[in-house]
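Below, each chain spelled out in residue letters.
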Amino acid sequence: KILILDFGSQYTQLIARRVRELGVYSEIQPYNYPLEKIKEFCPKGIILSGSPSSVLAKEAPRCDDSIFSLNIPVLGICYGLQLMTLILGGKVERGEKREFGSATIKILKENALFWNLPLDKPLKVWMSHGDRVIQLPPGFKLLATSENSPVAAMGDEKRQFWGVQFHPEVVHTPRGKKIFRNFLFRICQCKADWSMGSFMEYIIPKLREEVGKNKVVCALSGGVDSSVVAVLLHRAIGDKAHAIFVDNGLLRTGEAQEVKEVFTKKIPLNFHYVDKTKLFLKHLKGVIDPELKRKIIGNLFIDVFEQEAKKIKNVSFLAQGTLYPDVIESVSFKGPAAIIKSHHNVGGLPERMPLKLIEPLRELFKDEVRILARELGLPEVIIKRQPFPGPGLAIRIIGEVTPQRLSILRKADKIVLEEMRKANLYDTVWQSFAILLPIKTVGVMGDERTYQHVIALRVVESVDGMTADWARLPYNILERISNRIINEVSGINRVVYDISSKPPSTIEWE
Ligand code: XMP
């Protein structure tokens, strides 16, 4: 196993992910993790992360210098390399120019860290630093240089200390994985015996320890993240875990039923189904403004959730399915930036209820959560479910949300999903759904004039929902969807396809 000491870089979790991908267990600890604990953990190697600080700053974070006396291989990345240099007697200076972005390095001689990487060709890497090493510590050899970093990599083969100025953990360093592989298997002699199954073995006892005898609630939405959290908690603490599912009446056809089935029959757990269909619709009456809709739904959800959670006595924790990308986003993008859409989740709850937050998926990425979901035996309908917004169909009905409009949209949406699944396209796109527009247009059915509503079809491809492009669906699929909606859904006589990308549009229409 590998210990990663975190000096605050936004890439630290990526280091952990790369190590995990290679089948080696890793743990991230703060940079000042006590030496005793490190010895107890007994890692086969230590990785020092990057940092937003400068090693030359007065308050620069510093690990215990004695980690270099443990006889354990160390890899320093960026700040980690510079700190290693200072501790072991080399020199670092403030660079005149910051080096940020793509760069190429030249590997100078064959060595274990760059083993099997080309010596004669420049290697593409990702740099992000201000300071640079100008004098190697005694015992080190220069392994690679770049234009702006005379020391792009260094190593002391005898003591097994290695440092790279660039970031091998990001995808912009295409051979980064190879470098980690060399460090883990050539240098640290690790074995590749870690999988998401082992993550379960690690997280379940950890959860048990964290919550002790207390009760935990989690908001179950039916999406993969919250479902995994609920099942993990159930495995960890059994009936002390309570999953609350609020039916706001704004879900897709059959969705509430499906979730209920799964968590009462397939994976039975302490499942609280709260039917608040009428309440939500009552509050949405006459509301047209998208932000107002979102606010009303978000606040109601919190009210309902709070009431339900209070019914379960002595709850002390709230579990959430926050993933790693949510963590980085909230660190690096949050701020007073303009609110484009107020996304709703249970974020506002801890301020209203004295609940401690636990986020067991904080270190994981979506694809890792999906693997975990499979290991936990969740059904495919949940594992592969496309993202669905908290405010549900309310933001896919432009204009007022009424029971009749909901019914029209549900029928159209069901057809979209059926056809996407039938064509094996459901899993290949990010989202595919229908939107009900408030305008009416003229059509002709049989020999009769019709004057009915329009359905817009939105199918997008995306990696993370931050940017998206409309899917180039085959014409015959578009044709089938359109024909079926117009023939089968009364009240609709026209279907249009949304060909806008995000940005400048957004995925949802409201
Ligand atoms: P937009 O419309 O902002 O959506 O391009 C990006 C992604 O986020 C989903 N979405 C939400 N998810 N609560 C959520 O949990 C919300 O309030 C919400 N609004 C949008 C949207 O479906 C897309 O995947």
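The name an unreviewed UniProt entry gives the protein is GMP synthase [glutamine-hydrolyzing], with Desulfofervidus auxilii as the organism. For the protein, the Subunit (unreviewed entry) comment in UniProt is given as "Homodimer." The Pathway (unreviewed entry) field of the UniProt record for the protein holds the comment "Purine metabolism; GMP biosynthesis; GMP from XMP (L-Gln route): step 1/1."

Participant: Lay out the sheet that holds strand S3 (residues 45–48) with the relevant residues and their values.
Facilitator: The strands that make up a sheet pair up through hydrogen bonds in the backbone, lying either parallel or antiparallel. Reading across the sheet, the nine strands line up as S2-S1-S3-S4-S9-S8-S7-S5-S6 and stay open at both edges, with mixed pairing between neighbours. Every other strand in the sheet has two partners, leaving strand S2 (26–30) and strand S6 (123–135) as the edge strands with one partner each. The sheet shows a mean angle of 25° between the axes of neighbouring strands, taken without regard to direction. Direction of pairing for strand S7 (residues 141–146) relative to strand S8 (residues 153–156): antiparallel, over a ladder of three bridges. Pairing of Lys-141 across the sheet is with Gly-155, part of S8. Set on the sheet, helix H4 (residues 176–187) makes contact with strand S1 (2–6), S3, strand S4 (74–77) and strand S9 (161–164); between it and S3 the angle comes to about 155°.

Participant: Before we move on, could you go through the packing of helix H8 (residues 277–284) against helix H9 (residues 290–311) and cite the residues and values that matter?
Facilitator: Viewed as axis vectors pointing N to C, H8 and H9 meet at an angle of 150°, and their least axial separation amounts to 10 Å. For the pair H8 and H9, the sense of crossing is right-handed. When H8 is examined against H9, the residues Leu-279, Phe-280, His-283 and Leu-284 are found in contact with a partner set consisting of Lys-293, Ile-296, Ile-297 and Leu-300. Here the residues of the contact of H8 with H9 sort into six nonpolar, one polar and one charged.

Participant: Run through the domain arrangement of the protein, naming residues and quoting values.
Facilitator: Domain boundaries in the protein define domain 1 (2–187), domain 2 (196–383) and domain 3 (397–497). For domain 1 versus domain 2, the distance between C-alpha centres works out to 37 Å.

Participant: Please provide a residue-by-residue account of the environment of Pro-30, values included.
Facilitator: With respect to the element layout, Pro-30 can be found in strand S2. Owing to 12 C-beta atoms within 10 Å, Pro-30 belongs among the exposed residues under this scheme. It is 8.4 Å that separates the C-alpha atoms of Pro-30 and Ile-4, two residues lying 26 residues apart in sequence.

Each value, and the rule that gives it
- Residues numbered from 1 in each chain as written.
- Predicted model: local features only at pLDDT ≥ 70, side-chain atom pairs only at ≥ 80, totals over all residues.
- UniProt positions renumbered as here; feature names shortened; annotations may be inferred.
- Pairing = 2+ DSSP bridges.
- Helix = DSSP H or I, 4+ residues; strand = E, 2+ residues; numbered from the N terminus.
- Axes fitted to C-alpha atoms, helices over the stretch in contact; angles between N-to-C directions.
- Contact = placed C-beta atoms within 7 Å.
- Left-handed = near helix turned anticlockwise from the far one by under 90°.
- Nonpolar A, V, L, I, M, F, W, Y, C, P; charged D, E, K, R; others polar.
- Domains from an automatic or database assignment.
- Buried ≥ 20, exposed ≤ 12 C-beta atoms within 10 Å, placed from the backbone.

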